[in-house]
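# Structural description and commentary
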Amino acid sequence: MGGVAPQQSPKARVVDTFTGIGGVIGKKRPYYSKRFVVDFAGGSLPMLSKDAEVKAVISVSRGRTEIESARPLHAIDGYRAMFDLVPPDDSTDPINIRLYLEADGQPLSETWLYQWNPPPKDQRQLHNAGHLK
């Protein structure tokens, strides 16, 4: 009841969401960022050609995004979108995030919506404990 939409969209759906510390593996970060990973499956994704230019369209209410990508994820016949979000200041106010996949200016997926509250400044880790000290 309520867990399934009354009408299913023909577009790809979100099947998983992951978060973690942002940045490039093996490099120490000079500032805090949060990594978001969103997996999409279904719709027309399994039928796209290998040459299709799939793009992650990302918008945030505050801050900036970086290290954006959309890559095939063969394990689910879908795509994985990834990006880092850098909060604009030390505030813990919520940041609204929107993400969908597109190709040739046409949406391929439903829109993923997420509201993230950045941690307080003293809890913003630049790396995993024990690494890159």
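In this report, the structure presented in the accompanying data block is examined. (Residues numbered from 1 in each chain as written. Predicted model: local features only at pLDDT ≥ 70, side-chain atom pairs only at ≥ 80, totals over all residues. Heavy atoms only, no water.)

## So, the pattern of salt bridges
In plain terms, the rule: Any carboxyl oxygen of Asp or Glu within 4 Å of a side-chain nitrogen of Lys or Arg constitutes a salt bridge here. Here a helix means four or more residues in a row that DSSP labels H or I, a strand means two or more in a row labelled E, and each is numbered from the N terminus. The cut-offs for exposure are 20% and 50% of the maximum accessible area for each residue type, with area from a 1.4 Å probe on protein chains only; residues under the lower value are buried, those over the upper are exposed, and the others partly exposed.
This structure, assessed with the given rule, holds 6 salt bridges. For Arg35, the salt bridge is made with Asp84, and the minimal N-O distance between the two is 2.3 Å. Highlighted residues: Arg35 in strand β2 (residues 34–41) and Asp84 in strand β5 (residues 78–86), separated in sequence by 49 residues. Classification of Asp84 by relative accessible area gives buried; the value is 0%. A salt bridge links Arg64 to Glu66; its shortest N-O distance comes to 3.4 Å. Exposure remark for Arg64: the relative accessible area of 41% places this residue in the partly exposed category. Looking at Glu66, the relative accessible area reads 15%, which means it is buried.

## Topic: the side chain of Ser91
Quick reminder of the rule: Polar contacts here mean pairs of N or O atoms no more than 3.5 Å apart (in protein, one a potential hydrogen donor and the other a potential acceptor; neighbouring residues in sequence count only if both atoms are side-chain atoms). Every residue pair with non-hydrogen atoms within 4.5 Å of one another is taken to be in contact.
Structurally, Ser91 is set in the loop between β5 and β6 (95–103). At 2.9 Å, the side chain of Ser91 forms a polar contact with the backbone nitrogen of Asp93. Once residues within four sequence positions are removed from consideration, Ser91 is found in contact with Arg62, Pro118 and Arg124.

## Focus: the sheet that holds strand β4 (residues 64–73)
Definition in use: Note: two strands are recorded as paired if DSSP finds a minimum of 2 bridges between them. Under this scheme, a helix contributes an axis fitted over its contacting stretch, all axes are lines through C-alpha atoms, and angles between N-to-C directions fall in the 0 to 180 degree range.
Here we have 4 strands laid out as an open sheet, ordered β1-β2-β5-β4, and antiparallel in their pairing. Of all the strands in the sheet, the pair left with one neighbour each is β1 (13–21) and β4. Ignoring which end each strand starts from, the neighbouring axes of this sheet average 15 degrees apart. Of the strand pairs in this sheet, β1 and β2 are connected by 8 bridges, and their pairing is antiparallel. The partner of Thr17 across the bridge, within β2, is Val38.

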